[in-house]
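Residues per chain are reported as follows:
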Amino acid sequence: MNETAAPPHPADSDMRRDTVVRALDVSRVYELGGETTHALRSVDLDIFRGEYMAIMGPSGSGKSTLFNMIGGLDKPTAGMVFIDEVDIAALDSFELAWLRCRKIGYIFQSFNLLPMLTAMENVVMPMTFANTDPDEARDRGYDLLQKVGIGDRWSHRPGRMSGGQQQRVAIARALANEPAIVLADEPTANLDLKTGADIITMLKQLCAEIGVTVISATHDHKMLDICDRVVWIRDGAIERIELRENLDIHVGVFEEDRTNEDEGAGT
Ligand SMILES: Nc1ncnc2c1ncn2[C@@H]1O[C@H](COP(=O)(O)OP(=O)(O)OP(=O)(O)O)[C@@H](O)[C@H]1O
Ligand SMILES: [Mg+2]
């Protein structure tokens, strides 16, 4: 009865992979004040169900732009994004709102909790949008707050919580509607080292337990220890995609390697 199949490991062959997000030749150009920025250039990317993917790259390389494309928060200038094989550009505004509410949970650097609502009310809110029965939403809200380790703070407002506690509320909120995908943009950027490590570990556990796909744009090298794959982006293009197994070989001397590589590239 408990024999649920483990999600396919990203190291498995392509044939066995179940793609949950597909970006096809995605470009995004910003025109601002007469200036043109190619934030993404022909990005092709498949993300597999149940995997933990880190999107890494220097500031301005296009991580948040890619995040916004995958999350249906912005539209590509060219190319297509599929979520569960649905072309999100083909959705009307109602369908897109449904997808954002039911399929995707969002976590942001600045937590983005509503300050006038308690932790519980923040977590319950997306369930209200999804027409969940109020009692069920409250029960699930409490379970989620317990799961992220702050059940005892359910009645606190964000202003009375630490950054780490607020991010835990944001994670609980992201999971409220049992999404297939959790998108986290720099989830540890406003946290100290230890709290950031706790948040990363928690995301990894949730990814494994619930089978949710986690996609995180980050500068945080702690993420490298736990993700399944890393997409390195630079100047809006994918530089390379690496499996963690391959990354482990040089993760200890990672900074040094990158510096040497960069220096080598410039010569
Ligand atoms: N709304 C916008 N209008 C104009 N240019 C933008 C806009 N959003 C992003 N850009 C530009 O697109 C490029 C990619 O930005 P993006 O925010 O995706 O980078 P990032 O990798 O997330 O950076 P960071 O690590 O600093 O968050 C940058 O050159 C940025 O200035
Ligand atoms: Mg960003």
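Basis of the calculations
Residues numbered from 1 in each chain as written. Chains lettered and ligands numbered in written order. Predicted model: local features only at pLDDT ≥ 70, side-chain atom pairs only at ≥ 80, totals over all residues. Near = placed C-beta within 6 Å. Helix = DSSP H or I, 4+ residues; strand = E, 2+ residues; numbered from the N terminus. Nonpolar A, V, L, I, M, F, W, Y, C, P; charged D, E, K, R; others polar. Pairing = 2+ DSSP bridges. Axes fitted to C-alpha atoms, helices over the stretch in contact; angles between N-to-C directions. Contact = placed C-beta atoms within 7 Å. pLDDT = per-residue confidence, 0-100. Expected span 1.5 Å × (residues − 1). Core = buried A, V, L, I, M, F, W, Y, C linked by C-beta atoms within 7 Å. Buried ≥ 20, exposed ≤ 12 C-beta atoms within 10 Å, placed from the backbone.

### A closer look at the site of ligand 1
Lining the immediate surroundings of ligand 1 are Y30, L32, T37, A39, G57, S59, G60, S61, G62, K63, S64 and T65. Elements supplying a minimum of two residues to the shell around ligand 1: β1 (19-32), β2 (35-48) and α1 (63-70). Among the elements that line the shell around ligand 1, the one with the most residues is α1, at 3 residues. Each residue belonging to the shell around ligand 1 can be placed in one class, and the counts come to 3 nonpolar, 8 polar and 1 charged.

### Some remarks on the sheet that holds strand β7 (residues 181-185)
The 6 strands lie next to each other as β6-β7-β8-β3-β9-β10, forming an open sheet whose pairing is mixed. Where the open sheet ends on each side, the last strands, each with one partner, are β6 (104-108) and β10 (237-243). Put simply, the sheet's adjacent strands are angled 15° from each other on average, direction ignored. Across 6 bridges, the pairing between strand β9 (residues 229-234) and β10 is antiparallel. Bridge assignment links V230 to a residue of β10, and that residue is E242. Along the sheet, helix α5 (residues 163-174) contacts β6 and β7; its crossing angle with β6, the most-contacted strand, is approximately 165°.

### Section: the confidence of the model for the protein
Residues of the protein with pLDDT of at least 70 account for 87%, and the chain-wide mean is 87. The low-confidence segment residues 1-12 (pLDDT under 50) makes 16 contacts with residues lying over four places distant or belonging to another chain. Note that pLDDT drops below 50 for residues 249-267; the model gives that stretch 4 contacts with residues more than four away or on any other chain.

### Details of helix α6 (residues 193-210)
In an α-helix, one turn spans 3.6 residues, which is why side chains three or four residues apart end up on the same side. In a regular helix each residue adds 1.5 Å, so 18 residues correspond to 26 Å; α6 covers 26 Å between its end C-alpha atoms and thus fits that length. Of the surrounding elements, those touching the buried residues of α6 are β3 (52-56), α5, β7 and β8 (213-218). Immediately beyond the C-terminal end of α6, within one or two residues, lies G211, with a positive phi of roughly 75°.

### Considering the sheet that holds β2
Across the sheet, which stays open at both edges, the 4 strands sit in the order β2-β1-β4-β5 with antiparallel pairing between neighbours. A single partner strand is all that each edge strand has here, and the edge strands are β2 and β5 (86-87).

### Re the nonpolar core
Among the nonpolar cores identified, the biggest contains 64 residues, and I55, I70, V123, L145 and A172 are the most heavily contacted of them. By residue number, the principal contributor to this core is β2, which donates 6 residues. Those residues in contact with V123 that sit more than four places away from it in its chain are G141, L144, L145, V169, A172, R173 and A176.

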